[in-house]
Amino acid sequence: MAHAQDPLLAGKAAFITGASRRIGRATALGLAREGADLLLNARSARDEVEGVAEEVRALGRRAAVVMGDVTDEAEVARMAGEAKAAFGRIDILVNNAAVRRQAPFTEMSYADWREINAVILDGAFLMCRAVLPVMIEGGGGTIVNIGGVSAHIGAKNRAHVAAAKAGIVGLTKALAVEFADRNVTVNCLAPGKIGGERSKTSGKSPEMPADIPLGREGDIEEAAGMVVALCLPQARFMTGQTVHVSGGLYMP
């Protein structure tokens with residue numbers, strides 16, 4: 001990691017959706033330590049995301065809170081405008097917003113299916129579409145989409161989540177190809193079983209094989225650390241990839 005006097009992301013602005021807790025919060029703090037200013041999004045947890053903003057400022061970086069729903073096209077356009085107005089640029093976008101409910105497939109309503117896909121996949125689509133013009137105007141940038149191991153190995157009672165996360169992989173590859181000539185890299189981080197306190201919309205940890213080769217759940221900082229790594233200058237030759245942080249649970 002960079003030394004405090006030589007931050008690798010100095011002068012960069014990063015927009016993180018779902019930034020109030022867990023990987024979103026840890027990623028925000030990790031990027032701030034590397035010198036980035038932060039645009040922090042949450043849909044409703046204003047107190048929590050404002051707390052993250054204060055933590056970012058305590059690290060000596062600027063932070064702005066941009067409240068809004070990533071499933072609402074008009075709100076996403078507004079948020080992108082507010083983000084550009086705050087710092088004049090968006091160099092990094094981390095699509096982390098997600099809802100992870102559970103239901104047996106035959107009991108899963110279409111509303112359930114649409115809710116999950118709207119937040120995870122539609123939200124990433126809307127955010128990328130709104131932010132990419134700003135990113136390109138600034139000379140390029142980095143997009144990191146947060147996927148999940150369930151898209152690759154399956155998960156009981158989470159067909160909607162697995163399908164949405166699989167869609168994230170496809171979106172990542174398509175955008176990586178389409179925007180490579182405009183200096184934009186697009187990658188996906190697929191966390192496995194990550195420990196720590198879970199949000200109310202996460203449900204219980206999904207049922208997955210117990211034989212994780214490393215013999216434990218991952219730490220939030222381990223997942224967030226890889227997001228940060230994908231945003232560093234050393235990762236500029238990497239695009240269209242899905243990086244698995246799962247303790248060996250899935251090996252492509």
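In this report, the structure presented in the accompanying data block is examined.

## A short note on helix H6 (residues 159–178)
- Taking 1.5 Å as the rise per residue, H6 with 20 residues should run 28 Å; its terminal C-alpha atoms sit 29 Å apart, in good agreement.
- Burial in H6 covers these residues: His160, Val161, Ala162, Ala164, Lys165, Ile168, Val169, Leu171, Thr172, Leu175 and Ala176.

## Observations concerning unusual backbone geometry
- Non-glycine residue Arg22 carries a positive phi angle of around 50 degrees.
- Given a relative accessible area of 17%, Arg22 falls into the buried group.
- The backbone phi angle of Asn157 is positive, close to 70 degrees, even though this residue is not glycine.
- Within the secondary structure, Asn157 sits in the loop between helix H5 (150–153) and H6.

## What about empty space enclosed by the protein?
- Taken as a whole and assessed by the stated rule, the structure comprises one cavity of 30 Å³ or more.
- One number sums up the size of the largest cavity: a volume of about 60 Å³.
- The wall of the largest cavity is formed by 13 residues, among which Asn95, Ala97, Val119, Ile120 and Ala124 lie closest to the centre.
- Put simply, the parts of the chain that give the lining of the largest cavity at least two residues each are helix H4 (110–137) and H6.
- In terms of residues, the lining of the largest cavity owes the most to one element, H4, which gives five residues.

## A word on the nonpolar core
- Membership of the largest hydrophobic core comes to 38 residues, with the highest contact counts inside it found for Phe15, Leu39, Leu93, Met127 and Ile143.
- Of all elements in the fold, only strand E1 (13–16), strand E3 (63–67), helix H3 (73–87), H4, H6 and strand E6 (184–191) reach the threshold of two or more residues within this core.
- Tallying contributions element by element places H4 first for this core, with 11 residues.
- In contact with Ile143, other than residues within four places in its own chain, are Leu93, Asn95, Cys128, Leu132, Met135, Val184, Thr185, Val186 and Asn187.

## Focus on the pattern of salt bridges
- In total, this model carries 15 salt bridges according to the counting rule given.
- The salt bridge involving Asp37 is made with Arg61; its shortest N-O contact spans 3.4 Å. Taken together, the positions of Asp37 in strand E2 (residues 37–42) and Arg61 in the loop between helix H2 (46–58) and E3 put the pair 24 residues apart, joining distant regions of the chain.
- The salt bridge partner of Glu222 is Arg216, with a shortest N-O separation of 2.8 Å.
- Overall, Glu222 belongs to the partly exposed group, its relative accessible area being 36%.
- In this structure, a network of salt bridges that share partners links the residues Asp37, Arg61 and Arg62.

## Thoughts on the pairing of strand E4 (residues 92–95)
- Here E4 shows a buried face lined by Ile92 and Val94 and a second buried face lined by Leu93 and Asn95.
- Here three bridges tie E1 to E4, and the two strands are oriented parallel to one another. Counterpart to Ala14 in the pairing with E4 is Ile92.
- Pairing of E4 with strand E5 (residues 141–146), which is carried by four bridges, proceeds in the parallel orientation. Along E5, the bridge assignment pairs Val94 with Val144.
- After leaving E4, the chain enters H4 and then returns to the sheet as E5, a path that is right-handed.

## What about the packing of H4 against H6?
- Two numbers describe how H4 lies on H6: the axes approach to 8 Å, and their chain directions differ by 15 degrees. The orientation of H4 relative to H6 falls into the category roughly parallel. Viewed along their axes, H4 and H6 form a crossing whose handedness is right-handed. Of the residues in H6, those in contact with Asp112, Trp113, Ile116, Asn117, Ile120, Leu121, Ala124, Phe125 and Cys128 of H4 are Ala159, His160, Val161, Ala163, Ala164, Lys165, Gly167, Ile168, Leu171 and Leu175.
- The residue makeup of the contact of H4 with H6, split by class, is 14 nonpolar, three polar and two charged.

## Quick look at the sheet that holds E4
- The seven strands are arranged E3-E2-E1-E4-E5-E6-E7 in an open sheet whose pairing can be described as parallel. Edge positions in the sheet fall to E3 and strand E7 (242–245), since each of these pairs with one other strand and no more. Ignoring which end each strand starts from, the neighbouring axes of this sheet average 20 degrees apart.
- Contacts from H2 reach E2 and E3 within the one sheet, and its direction differs from that of E3 by about 165 degrees.
- Each of E1, E4, E5 and E6 is contacted by H4, which is oriented at about 175 degrees to E4, the strand it contacts most.

Parameters and conventions
Residues numbered from 1 in each chain as written. Predicted model: local features only at pLDDT ≥ 70, side-chain atom pairs only at ≥ 80, totals over all residues. Heavy atoms only, no water. Helix = DSSP H or I, 4+ residues; strand = E, 2+ residues; numbered from the N terminus. Expected span 1.5 Å × (residues − 1). Buried < 20%, exposed > 50% of the residue type's maximum accessible area, 1.4 Å probe, protein only. 1 Å grid on protein atoms, 1.4 Å probe; cavity = no way out; pocket = protein on both sides within 12 Å on 5 of 7 lines; lining within 4 Å. Points joined across faces, edges and corners; volume = space filled by probe spheres on them. Core = buried A, V, L, I, M, F, W, Y, C linked by side-chain atoms within 4.5 Å. Contact = heavy atoms within 4.5 Å. Salt bridge = Lys/Arg side-chain N within 4 Å of Asp/Glu carboxyl O. Pairing = 2+ DSSP bridges. Right-handed = clockwise from strand over helix to strand, strands pointing away. Axes fitted to C-alpha atoms, helices over the stretch in contact; angles between N-to-C directions. Parallel < 35°, antiparallel > 145°, perpendicular 65-115°, else oblique. Left-handed = near helix turned anticlockwise from the far one by under 90°. Nonpolar A, V, L, I, M, F, W, Y, C, P; charged D, E, K, R; others polar.

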